[in-house]
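Residue-level structural notes
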Protein chains: 2
Amino acid sequence: MLLKRWLVGDPIKTAQAADERLTKTLALPVFSSNAISSVAYATEEILLVLTLAGTAAIIWSIPVSLAILFLILVLTISYRQIIHEYPEGGGAYLVARTNLGEVPALVAAAALMIDYVLTVAVSVAAGVAALTSAVPDLFQHRGTMGLVAILFIVVMNLRGMRESGKFFAIPTYFAIGMLGVMVASGTILSLLAPDTDSAARSLSGAGTHLEGLTLFLILRSFAAGCSAVTGMEVISNGIKSFRHPESRNAAATMLWMSAILASLFAGISWMAYHYGILPKVDETVMSQLARLTFGTGLTYYIVQLATMMLLVLAANSAFAGFPQLASILARDGFMPHQMATFGDRLVFSNGIIILGLFAGMLLFLFEGDTHALIPLYAIGVFVSFTLSQAGMVKRWLVKKGLRWRYKLAVNGVGAVTTGIATVIIASTKFVQGAWIVFLLVALLIFMFRGIRSHYKAVSEQVSLSRDSRPPRPRRNIVIIPIGAVNRAVVRAVDYARSHGGEVKAVLIDVDKEETALVEIKWAQWGCGVPLIVLPSPYRSILRALLGYIEEQRQKDPECWITVVIPEILPAQWWQNILHNQRALMLKAALLFKDRVVLTDVPFHLTR
Amino acid sequence: MLLKRWLVGDPIKTAQAADERLTKTLALPVFSSNAISSVAYATEEILLVLTLAGTAAIIWSIPVSLAILFLILVLTISYRQIIHEYPEGGGAYLVARTNLGEVPALVAAAALMIDYVLTVAVSVAAGVAALTSAVPDLFQHRGTMGLVAILFIVVMNLRGMRESGKFFAIPTYFAIGMLGVMVASGTILSLLAPDTDSAARSLSGAGTHLEGLTLFLILRSFAAGCSAVTGMEVISNGIKSFRHPESRNAAATMLWMSAILASLFAGISWMAYHYGILPKVDETVMSQLARLTFGTGLTYYIVQLATMMLLVLAANSAFAGFPQLASILARDGFMPHQMATFGDRLVFSNGIIILGLFAGMLLFLFEGDTHALIPLYAIGVFVSFTLSQAGMVKRWLVKKGLRWRYKLAVNGVGAVTTGIATVIIASTKFVQGAWIVFLLVALLIFMFRGIRSHYKAVSEQVSLSRDSRPPRPRRNIVIIPIGAVNRAVVRAVDYARSHGGEVKAVLIDVDKEETALVEIKWAQWGCGVPLIVLPSPYRSILRALLGYIEEQRQKDPECWITVVIPEILPAQWWQNILHNQRALMLKAALLFKDRVVLTDVPFHLTR
């Protein structure tokens, strides 16, 4: 308990919920770190695919990057529309559920949840990898370090939205600022000196051997670059985390996030092209750019550190999205109800813990080497993009309303674009493991529906509408099975008698002498409760007792029967093997008897 | 249940206990198979040690065998005296406890129990080994076959003494008979034709190179031959299994057993010496003798089969000794009380099952290859021999009585002889693993005393002598925590009301709207029980409830508090994760509160 208080902090009153919400300044780093961190690798992934067709092919990075910028623009406008239409949050899931039906909604939710788990595992692993390449001695501890990092993020998030927001805001803003300075200065330099003998010129003049540069390769490079837009949906899931007016603040934050994302991505892609930078095995494109812009000095290392921090902080965005989404699913009965209850600090603690657990499990299974997970990445997000856009198209067609044609057009373009991107990503990555995502989505949907149908069955079974009126009062026969007369038994008799009503002690006669002794002691200690001695020719205490209960039941089929068990609770766990074996068997035998209730009256041993 | 009835049979009435006891005819095979089966290997073990000093050394097998015959004689008279003095059974343990004190008694008991477990494992493994050397294809299944054999013996013993006695009597008598025929005809032949060119003559004439034949080697061969007398103590542990008059019948059976054992052992040792048979790697001495006596025909194979059966049946004797010994220890509080309760068929079922479990574990650990266990064997028995004889010496010295000097002499000779044998066995086998037995004995004694001191502490704590008089009646406040109004809750209210007394339903106000709804429904379904709404600014249901209970307690520190929990019991186990999380936490929080009793009122879901 004390540990929990120290880790998580004192509980926050429900009345203070409004104060706990995030201002735009705090929300921007929390929700955007996932999306913005992808600039660290998106350009590199585009170039990696293109160079398969030779260095001259990198000229195609410009149209591919423009296509992705267009995607960012479309998604920004589309999601701002979703934010205004669904101010309660839930993003793709809610849009799909209200417009497309249950299955598409569950597909969107499952795909997003899988993606959030992957985001946490992959981004933490990437951060740890960056650290271990700087300090190789730590490499053998990478698994532990990853788990510690996840644990740290989990605990920070359990401390409440505002507190984790504040804590993570500083490094996030710092990292964004550093990348911004690099991109700005690099771009200005490239524009000021357009005619220096840049590598790009020399490359594009070196020859036009475009052999092998097929349309499929260009599409693959587009699919790879699409990682830049992952995380753009997080805000739409977590609108409830914003201060009032939620939708307006969320939409404004969305705009800021997209602007930062677009400018960083555009700048990096342009610089990489302009300076003719090629992906290397031992150095990232970001590192090459930083070295080129600032030289290999202190600033270079700071930029590297900032990039690493941003990658790790991407995990934090997932913690802003997953628990909110899970709570909405829980409210609809697709997840256990516990996912929808606020913890001590007004966050969905169970969702945070579950996300941490699953990400930790992934990290543990892959021993901190999550390269195999990267192909699984981004598919989930794009499936949810497509479904949410398609849902909005349907909505405008049905609902119409103010400027609906314009809105329809935006979401229509969004649906088509992200749909195409989804198909490209899925088909290019399918054999590398994307099929696992589809399998997992199917399994999750099976689970969601299983849980919902169970909750439905329960609510039907416990519903009072099936009873016409409250039950009439019944008798209650209290039976205390005893084997000896000791303090534990007297305590149980004292308890049973305090209820009032018919109390009977029952002794099974296995040994004549023993029975006679108990009867004598009972006269003194029985508190006036009658002692019934049952014969047991076969020595089975359980059978004799069950027979007696059945007999009572037959006399009055309507009555309640309470079996009060004097239970000795040992001071040490191993001593349990020496006690209560009969009590256990009795409990097992009576558990499924209707209207038979068991009550343990514990007698605590102190040694 | 049905399976149990089919395997074990219908329960037997306590009144029929006398009928279940064994006649001498049935007791002899049950109790003697362990002792008699050792003739199958005792002579061979003597020869094996002696041949280390050259073939001429086997002449020493005659004096060694005579020494062992003398040991048989001493033990027979000694144990008959024990049987008459301790008709309740318990053998060495009881003799040592009443005459020497607790520690020697526990040493004797622990040593015997270890030996019984070893007997079962080793004899079953030997039987399986004999079978697999006949049918090599079965070799890979030897582990499973051993476990099945143990399971079979366990089930047969659970069926009751008389039934298992009858079942195992036929093969035991048959095996004893076959060996008897072989020994008788072989011995007669050897006496009729004393001057044929027997191998023994040629050997003893071949040379007298007794180099290396030290006293130590002769003692080792004696120690090895002592395996012949193991199992002679079983009857003294299980006197209660005999028909009335128990002691007289047991003593008579003891005499018969010893006579059979002595004559078979003497005959086999004589024949081996007379025919000059030497131990071979690929053929046992018994097999060589059978071949020599009957030729390699059908009779030879029948004798081999009989030997094998006798070895397996030795395990059955351990099942006659162990549960009886365990029950006597349990009655003295050194083992869990359950070991002293009769099962359905008037046998100590728990002891039978425990013995089977431990023997099975040994077999499993050694993968059916129990050669490593043989050095551990026999030490336990000899420790118990020595302690029981020493105890009897003490007894005669103190008690005196009729012909006490003669009895003292017998037990004195017994104590000295078995004491020397124990020292020889322990010292010659110590490094080969006998130390493990001493370690286990120490561990068992630690366990025995731990259990006893726990039982003592319990009986002191629950003893009524500490209370001067029965408690005065107290109030009982019944609290039903509810979260909604449904059939499960109404059922719990119906139950609580049936007791009479002060019943209150308690609702924790987490959500204003929800609370208002519950209050409206309560007016209709609450059965007149007052509903108390507790505020919970921090949303913690547990904390609010615990606070309320504490408050009630402060108002009346003497009262009982009953917390009635409406519990939904799902139809499928996995559904438990969706229910009762709060009930579990509540139980954990209330378990150690004094005079707070929890009562689950289950509501069974059907789907």
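These remarks concern the structure in this document.

Cut-offs and rules
Residues numbered from 1 in each chain as written. Chains lettered and ligands numbered in written order. Predicted model: local features only at pLDDT ≥ 70, side-chain atom pairs only at ≥ 80, totals over all residues. Heavy atoms only, no water. Helix = DSSP H or I, 4+ residues; strand = E, 2+ residues; numbered from the N terminus. Rg over C-alpha atoms; globule rule 2.2 N^0.38 Å. Buried < 20%, exposed > 50% of the residue type's maximum accessible area, 1.4 Å probe, protein only. Contact = heavy atoms within 4.5 Å. Areas by Shrake-Rupley, 256 points an atom, 1.4 Å probe, with all protein chains shown as cover. Lys, Arg positive; Asp, Glu negative; His and termini not counted. Charge placed at Lys NZ, Arg CZ, Asp CG, Glu CD. Least-squares fit on C-alpha atoms with pLDDT ≥ 70 in both. Salt bridge = Lys/Arg side-chain N within 4 Å of Asp/Glu carboxyl O. Pairing = 2+ DSSP bridges. Right-handed = clockwise from strand over helix to strand, strands pointing away. Buried area = accessible area lost by both parts, 1.4 Å probe. Polar contact = N/O pair within 3.5 Å; in protein donor to acceptor, adjacent residues only side chain to side chain. Nonpolar A, V, L, I, M, F, W, Y, C, P; charged D, E, K, R; others polar. Axes fitted to C-alpha atoms, helices over the stretch in contact; angles between N-to-C directions. Parallel < 35°, antiparallel > 145°, perpendicular 65-115°, else oblique. Left-handed = near helix turned anticlockwise from the far one by under 90°. Patch = residues over 30% accessible without salt bridge, like charges linked within 9 Å, V, L, I, M, F, W, Y side chains within 5 Å. Core = buried A, V, L, I, M, F, W, Y, C linked by side-chain atoms within 4.5 Å. Disulfide = S-S within 2.5 Å.

1. Some points on the overall build of chain A
Looking only at helices and strands, chain A has 22 helices and five strands in total. Taken over C-alpha atoms, the radius of gyration comes to 33 Å for chain A, far larger than the 25 Å a tight globule of 607 residues would show. Overall size of chain A, expressed as C-alpha extent along the three principal axes, is 115 × 60 × 45 Å. Across the 607 residues of chain A, 56% fall into the buried class. Contacts in chain A between residues far apart in sequence, at least 24 positions, make up 81% of those at least 6 positions apart. As displayed, chain A has an accessible area near 26100 Å², and 66% of this comes from carbon and sulfur atoms. Within chain A, one finds 51 positive and 38 negative side-chain charges whose respective centroids are separated by 8 Å.

2. Describing the relation of the copies chain B and chain A
Between the two copies of the chain lies a rotation about an axis combined with a shift along it. The two copies are related by a screw operation: chain B maps onto chain A through 180 degrees of rotation and 0.0 Å of translation along the axis, at an RMSD of 0.1 Å. Such a combination of turn and shift is consistent with a two-fold rotation axis. The fraction of interface residues of chain B whose copies in chain A are also interface residues reaches 100%, indicating that both copies meet through the same surface.

3. Thoughts on the pattern of salt bridges
Per the stated rule, a full pass over the model turns up 48 salt bridges over all chains. Of the charged contacts in the structure, one is a salt bridge between Arg97(A) and Asp332(A), with a shortest N-O distance of 2.0 Å. Of the two residues, Arg97(A) sits in helix 6 (residues 91-99) while Asp332(A) sits in the loop between helix 15 (298-331) and helix 16 (349-365), which places them 235 residues apart along the sequence. For Arg449(B), the salt bridge identified is with Glu102(B), shortest N-O distance 2.9 Å. Of this pair, Arg449(B) sits in helix 18 (residues 404-462) while Glu102(B) is found in helix 7 (residues 102-134), placing the two residues 347 residues apart along the sequence.

4. Quick notes on the pairing of strand 4 (residues 560-569) of chain B
A regular strand places its side chains on the two faces of the sheet in alternate fashion. Residues and elements named next belong to chain B. Most of strand 4 is tucked away: ten of the ten residues are buried. With four bridges connecting them, strand 1 (residues 476-482) and strand 4 associate as parallel partners. In the sheet register, Ile-479 faces strand 4, and the bridge partner there is Val-563. As paired elements, strand 4 and strand 5 (residues 596-604) share nine bridges and run parallel to each other. The residue of strand 5 that forms the bridge with Ile-561 is Val-596. In this fold, strand 4 hands off to helix 22 (residues 581-590), which returns the chain to strand 5; that crossover is right-handed.

5. Some words on the interface of chain B and chain A
Counting residues at the interface gives 80 residues for chain B, matched by 80 residues for chain A. Between chain B and chain A, a total of about 6900 Å² is buried, with carbon and sulfur atoms accounting for 57% of that surface. In this assembly, chain B and chain A are joined by eight salt bridges. The closest approach of N and O atoms between Asp494(B) and Arg474(A), which form a salt bridge, is 2.8 Å. Between the two partners, chain B and chain A, sit 43 residue pairs in polar contact (both at pLDDT 80 or more). Of all elements in the fold, only helix 18, strand 1, helix 19 (487-499), helix 20 (512-525), strand 4, helix 22 and strand 5 of chain B reach the threshold of two or more residues within the side of chain B that touches chain A. Looking at the side of chain B that touches chain A, the element that brings in the most residues is helix 18 of chain B, giving nine residues. The class makeup of the residues in the side of chain B that touches chain A is 35 nonpolar, 23 polar and 22 charged.

6. Some words on the packing of helix 5 (residues 61-85) of chain B against helix 17 (residues 379-399) of chain B
All names here are of chain B. Put simply, helix 5 and helix 17 touch, their axes get as near as 11 Å, and they point 55 degrees apart. With respect to each other, helix 5 and helix 17 are oriented oblique. Note that helix 5 runs across helix 17; the crossing there is left-handed. Contacts from Leu-71, Leu-75, Ser-78, Tyr-79, Gln-81, Ile-82 and Glu-85 in helix 5 reach Phe-382, Ser-384, Phe-385, Ser-388, Gln-389, Met-392, Arg-395, Trp-396 and Lys-399 in helix 17. Grouping the constituent residues of the contact of helix 5 with helix 17 by class yields eight nonpolar, five polar and three charged.

7. Here we look at helix 6 of chain A
Residues and elements named next belong to chain A. Most of helix 6 sits inside the fold, with seven of its nine residues counted as buried. Looking at helix 6, one finds that the buried residues are Gly-91, Ala-92, Tyr-93, Leu-94, Val-95, Ala-96 and Asn-99. Tucked inside the fold, the buried residues of helix 6 contact helix 5 (61-85), helix 7 (102-134), helix 12 (234-237), helix 15 and helix 17 (379-399). Phi for Gly-101, located one or two positions after helix 6, is positive at around 115 degrees.

8. Comments concerning a nonpolar patch on the surface
Residues and elements named next belong to chain A. Taken together, the side chains of Phe-430, Val-431, Trp-435, Ile-436, Phe-438, Leu-439, Leu-440 and Leu-443 present a nonpolar region at the surface, about 750 Å² in accessible area. Within the secondary structure, Phe-438 is located in helix 18 (residues 404-462). On the accessibility criterion, Phe-438 (36% relative accessible area) is partly exposed.

9. Digging into the pairing of strand 1 of chain B
Residues and elements named next belong to chain B. For strand 1, the tally of buried residues reaches seven of seven residues, placing the bulk of the element in the interior. In the sheet, strand 1 pairs with strand 2 (residues 502-509) via six bridges, with the strands oriented parallel. Pairing of Ile-482 across the sheet is with Leu-507, part of strand 2. With respect to chirality, the unit in which strand 1 leads through helix 19 into the neighbouring parallel strand 2 is right-handed.

10. Digging into the nonpolar core
Ranked by size, the top nonpolar core spans 142 residues in total, and within it Phe31(B), Ile68(B), Tyr93(B), Val229(B), Met232(B) and Leu329(B) carry the most contacts. For this core, the leading source of residues is helix 7 of chain B, giving 18 residues. Among residues more than four places away in sequence, those in contact with Leu329(B) are Tyr93(B), Leu106(B), Ala109(B), Met113(B), Phe334(B), Met335(B) and Phe448(B). Formed by 141 residues, the second largest nonpolar core is a distinct cluster that contains Ala96(A), Ala223(A), Tyr300(A) and Ala326(A).

11. Overview of the environment of Gly90(A)
All names here are of chain A. Considering the arrangement of structural elements, one finds Gly-90 in the loop between helix 5 and helix 6. Taking the C-alpha atoms as reference points, Gly-90 and Ser-236, separated by 146 residues in sequence, lie 6.6 Å from one another. The residues touching Gly-90, leaving out its near neighbours within four places in the chain, are Ser-236, Asn-237, Leu-325 and Ile-328.

12. What about unusual backbone geometry?
All names here are of chain A. Of note, the bond from His-244 into Pro-245 is cis; its omega dihedral lies within 30 degrees of zero at -10 degrees. Assignment of secondary structure puts Pro-245 in the loop between helix 12 and helix 13 (246-274). The backbone of Leu-346 sits at a positive phi, close to 60 degrees, despite the residue not being glycine. Structurally, Leu-346 is set in the loop between helix 15 and helix 16. We note that Arg-403 has phi near 50 degrees; this positive angle belongs to a residue other than glycine. The residue Arg-403 is located in the loop between helix 17 and helix 18 in this model. Residue Arg-403 is classed as exposed on the basis of its relative accessible area of 55%.

13. Side note on the state of the cysteines
Summed over the entire model, instances satisfying the criterion amount to zero disulfides over all chains. Left without a disulfide partner, Cys559(B) is nearest to the cysteine sulfur of Cys527(A), which lies 17 Å away.

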